[in-house]
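Now for the letters of each chain:
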Amino acid sequence: MTAPIDPGTRIGHVHLRVADLDRALGFYCGVLGFTLMQRYGREAAFVSAGGYHHHIGLNTWDSAGGTPPPPGHTGLYHVAILYPTRAALADALARLDAAGIPLTGASDHGVSEALYLDDPDRNGVELYRDRPESEWPRDEEGGLRMVTRRLDLASLRAAATRP
């Protein structure tokens, strides 16, 4: 057995193939609020939160005008975007509501609260916030015991700080 990965390791960014770059930017920047950091003509763009070089790369290099993979095929299940607070996640929900973007699911996992949806190219997107580790559900031996329960969306909407 090998030694575990360094605990400071993080997932840095994701690149998504999209059919229409402007449509994808409309969603990731216009709805979710990411900032466009750099654009490479009509083929690629890099967006981020907080001025990082990029959290999400969007490109049409092999996918311009393409269609999503059919169900039952391999590929990305979803990309997960971590929000720092419950209020920030509530703001994301308010943005989705304002844009008329439907959720495909909403779950309380005990360790986190999560919203699930599809981007315009039907890439799965999870928007979530972690609870403090001291609140994570544990079994009798101290092991993690994640759950999947219905998320109280009314309570989350009430946590939004925007007008």
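Residues numbered from 1 in each chain as written. Predicted model: local features only at pLDDT ≥ 70, side-chain atom pairs only at ≥ 80, totals over all residues. Heavy atoms only, no water.

Undergrad: Talk me through the overall build of the protein chain; I want residue IDs and the actual numbers.
TA: Regarding its fold elements, the protein chain presents three helices and nine strands. Its C-alpha atoms give the protein chain principal-axis dimensions of roughly 55 × 50 × 35 Å. Residue burial in the protein chain is summarised as follows: out of 163 residues, 36% are buried. For the protein chain, the share of sequence-separated contacts (at least 6 apart) that also reach a separation of at least 24 residues comes to 56%. By element, 53% of the accessible surface of the protein chain is carried by carbon and sulfur atoms, the whole surface being about 10000 Å². On the protein chain, the mean spot of the 16 positive side-chain charges and the mean spot of the 20 negative ones are 4 Å from each other. (Helix = DSSP H or I, 4+ residues; strand = E, 2+ residues; numbered from the N terminus. Buried < 20%, exposed > 50% of the residue type's maximum accessible area, 1.4 Å probe, protein only. Contact = heavy atoms within 4.5 Å. Areas by Shrake-Rupley, 256 points an atom, 1.4 Å probe, with all protein chains shown as cover. Lys, Arg positive; Asp, Glu negative; His and termini not counted. Charge placed at Lys NZ, Arg CZ, Asp CG, Glu CD.)

Undergrad: How would you sum up the UniProt feature "domain: VOC" (unreviewed entry) in the protein chain? Please name residues and give values.
TA: UniProt marks residues 10-130 with the feature "domain: VOC" (unreviewed entry), using the numbering shown here. Spanning residues 10-130, this segment combines 21% helix with 35% strand, and its end C-alpha atoms are found 15 Å apart. (UniProt positions renumbered as here; feature names shortened; annotations may be inferred.)

Undergrad: Describe the packing of aromatic side chains, naming the residues involved and giving the relevant values.
TA: Summed over the entire model, instances satisfying the criterion amount to two aromatic pairs. A ring pair is formed by Tyr-40 and Phe-46, whose centres lie 5.6 Å apart and whose planes are at 90 degrees; its orientation type is edge-to-face. (Phe/Tyr/Trp six-rings, centres within 6.5 Å; stacked < 30°, edge-to-face > 60°.)

Undergrad: Tell me what's going on with the sheet that holds strand E5 (residues 79-83), and back it up with residues and numbers.
TA: Taken together, the five strands give an open sheet; going across it, the order is E5-E8-E7-E6-E9, and neighbouring strands pair in mixed fashion. The sheet is open, and its two borders are formed by E5 and strand E9 (149-150), each paired with just one other strand. The pairing of E5 with strand E8 (residues 124-130) spans five bridges and is classified as parallel. Each bridged residue has a counterpart across the sheet, and for Leu-82 the counterpart in E8 is Tyr-128. Together, E5, strand E7 (112-118) and E8 form the strand contacts of helix H2 (residues 86-99), whose direction differs from that of E8 by roughly 150 degrees. (Pairing = 2+ DSSP bridges. Axes fitted to C-alpha atoms, helices over the stretch in contact; angles between N-to-C directions.)

Undergrad: Requested: an account of the pairing of E8, with residues and values cited.
TA: Regular strands place side chains that alternate from one sheet face to the opposite one. Summarising burial for E8: six of the seven residues are buried, a large majority. Where E7 lies against E8, seven bridges are found, and the strand directions are antiparallel. When the sheet's bridge partners are listed, Leu-115 is paired in E8 with Leu-127. Taken together, E7 and the strand that follows it, E8, pair antiparallel across an intervening segment of five residues, in which Arg-122 is found at a positive phi of about 65 degrees.

Undergrad: With reference to specific residues and values, describe the domain arrangement of the protein chain.
TA: In many reports, interface size means the accessible area that the parts give up when they come together. According to the domain assignment, the protein chain consists of domain 1 (13-64) and domain 2 (77-162). For domain 1 and domain 2, the distance between their C-alpha centres works out to 22 Å. The interface of domain 1 with domain 2 comprises 15 residues on the first partner and 14 residues on the second. With both sides pooled, the region where domain 1 packs onto domain 2 buries about 1100 Å², and carbon together with sulfur makes up 69% of that total. Counting the surface domain 1 buries against domain 2, the share from its top three residues, Phe-27, Val-31 and Leu-32, is 47%. Where domain 1 touches domain 2, the interface holds one salt bridge. (Domains from an automatic or database assignment. Buried area = accessible area lost by both parts, 1.4 Å probe. Salt bridge = Lys/Arg side-chain N within 4 Å of Asp/Glu carboxyl O.)

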